[in-house]
Amino acid sequence: MEDFVAVAKAVRPRGVRGEIVADLLTDFPERFDRLKNLTAITAGGQKQVLKIESAVMRKGRLYLKFAGIDSAESAEALRDAELCVRENEAIPPGENEYYDWQLADCRVETTEGRFIGTVTQVMRTGAQEILVVTGSGREYLVPFVAAICVNVDITERSIIIDPPEGLLDF
C-alpha cells in the first residue's frame, strides 16, 4: 500500500466552475508550481487521483482547479478531503526537521529512561510546535525544541526528552 503525505486540505468550493479553496499543510507552497497530480483522500478513506489544471496562492490560501471537477456540486464532494502526494514525492525536510507523520506514534522517554507515552498529535502554535504525548491515561504537552527533545530517532520511532521541572506535573 502506498503511503501519502497531506500537503493541503480542501476547505470548500469556490464559485460555480469547480474551484476548491484549500489550506496549506506544507512549508513548501512552491511545490504546487510543478505538481501535476494530487490524491484526494476523504474522511471515509476514499482516494481519487486529481489532475491539477491550476494552483494559485492568494492571501495565504491555495485555490485549486482540477480536471473533471467543473461544478460547485462536484467540488463539494472534495470538502474536507486531504490533498496528498506520495510519500516518496515529499520534499525532504532539512536537518533536525521532521514531518508530523514522522513524529506520530513515536515513543517518548525521559533521559532517565522513564516512559512518558507516544506522540498522538503535533500542534502548531505559531511560535513552536507542541508534541501531544499520551500515556498512562494522561496527556502531556511537550514543546518540540532542542533543549527539551534532546534526541529524535525517526528510524527507531523514539524521542528522548529532558523535561524542565514541572513540565510533566499536573
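Scroll up to find the structure.
To start, this report covers the structure provided alongside it. Nothing here was measured: the structure is a model prediction, and the numbers come from that model.

### Focus: the overall build of the chain
Right, on to step 1. Tallying secondary structure elements over the chain gives two helices and 12 strands in all.
Right, on to step 2. Secondary structure elements of the chain, listed N to C terminal, follow the sequence β-β-β-β-β-α-β-α-β-β-β-β-β-β.
Right, on to step 3. Dimensions of the chain, computed from C-alpha atoms along their principal axes, come out at roughly 60 × 35 × 30 Å.
Right, on to step 4. In the chain, buried positions account for 36% of the 170 residues.

### Examining the sheet that holds strand E9 (residues 129-135)
Backbone hydrogen bonds hold the strands of a sheet together, and the pairing may be parallel or antiparallel.
Right, on to step 1. On the basis of which strands lie adjacent, the open sheet formed by six strands has the order E10-E9-E8-E7-E12-E11 and mixed pairing. The open sheet has two edge strands with one neighbour each: strand E10 (138-143) and strand E11 (149-153). Ignoring strand direction, the axes of neighbouring strands in this sheet form an average angle of 30°.
Right, on to step 2. Direction of pairing for strand E8 (residues 115-124) relative to E9: antiparallel, over a ladder of six bridges. Bridging across to E9, Val122 finds its partner in Leu131.

### With respect to the sheet that holds strand E5 (residues 61-66)
Right, on to step 1. The six strands are arranged E1-E2-E5-E4-E3-E6 in a closed barrel whose pairing can be described as antiparallel. With strand direction ignored, the average angle separating the axes of adjacent strands in the sheet is 45°.
Right, on to step 2. Direction of pairing for strand E3 (residues 37-41) relative to strand E4 (residues 47-58): antiparallel, over a ladder of five bridges. Residue pairing for E4: Asn37 is matched across the bridge by Lys51.

### Focus on the packing of aromatic side chains
Each aromatic ring pair is characterised by the separation of its centres together with the angle its planes make.
Right, on to step 1. Enumeration over the complete set of coordinates arrives at two aromatic pairs.
Right, on to step 2. Ring centres 6.1 Å apart and planes at 70° place the aromatic pair Tyr98 and Phe144 in the edge-to-face group. Here Phe144 lies in the loop between E10 and E11 and Tyr98 lies in the loop between strand E6 (82-86) and helix H2 (100-103), a separation of 46 residues in the sequence.
Right, on to step 3. Centroid distance Tyr99 to Trp101: 5.7 Å. Interplanar angle 10°. Geometry classified as stacked.

### With respect to the pairing of E8
Right, on to step 1. Looking at chain direction, strand E7 (residues 107-110) and E8 are connected through three bridges and run antiparallel. Within E8, the position partnered with Glu109 by the bridge is Phe115.
Right, on to step 2. Linking two consecutive strands that pair antiparallel, namely E7 and E8, is a turn of four residues; a positive phi of about 95° is found at Gly113 within it.
Right, on to step 3. Two successive antiparallel strands, E8 and E9, enclose a turn made up of four residues, where Gly126 displays a positive phi of approximately 100°.

### Let's talk about the pattern of salt bridges
Right, on to step 1. Tallied over the entire structure, the rule returns seven salt bridges.
Right, on to step 2. Two residues, Glu53 and Lys65, come together in a salt bridge whose shortest N-O distance is 3.8 Å. Placement of Glu53 in strand E4 and of Lys65 in strand E5 is noted, with a sequence separation of 12 residues between them.
Right, on to step 3. A relative accessible area of 13% means that Lys65 is categorised as buried.
Right, on to step 4. Glu89 is paired through a salt bridge with Arg86; the nearest N and O atoms lie 3.7 Å apart.
Right, on to step 5. The exposure class assigned to Glu89 is partly exposed, which follows from its relative accessible area of 42%.

Thresholds, definitions, all that
- Sequence order as written defines the numbering, with residues in each chain counted from 1.
- In view of the model being predicted, local features appear only for residues whose pLDDT reaches at least 70, and side-chain atom pairs are presented and counted only at 80 or more, with totals across whole chains, interfaces and linings using the full set of residues.
- Computation of side-chain values covers all heavy atoms of the structure but excludes hydrogens and water.
- By the criteria applied, helices consist of DSSP H or I runs no shorter than four residues and strands consist of E runs no shorter than two, each listed in order from the N terminus.
- Only protein chains enter the accessibility calculation, which uses a 1.4 Å probe. A residue is then buried if its area is under 20% of the maximum for its type, exposed if over 50%, and partly exposed in between.
- A pair of strands counts as paired when DSSP detects no fewer than two bridges linking them.
- Axis angles are defined between N-to-C directions and span 0 to 180 degrees, where every axis is a line fitted to C-alpha atoms and, for a helix, only to the segment in contact.
- Ring pairs are drawn from Phe, Tyr and Trp, using the six-membered ring of Trp, whenever the two centres fall within 6.5 Å, and their geometry is named by plane angle: stacked under 30 degrees, edge-to-face over 60, tilted for the rest.
- For this analysis, a salt bridge means a side-chain nitrogen from Lys or Arg found within 4 Å of a carboxyl oxygen belonging to Asp or Glu.

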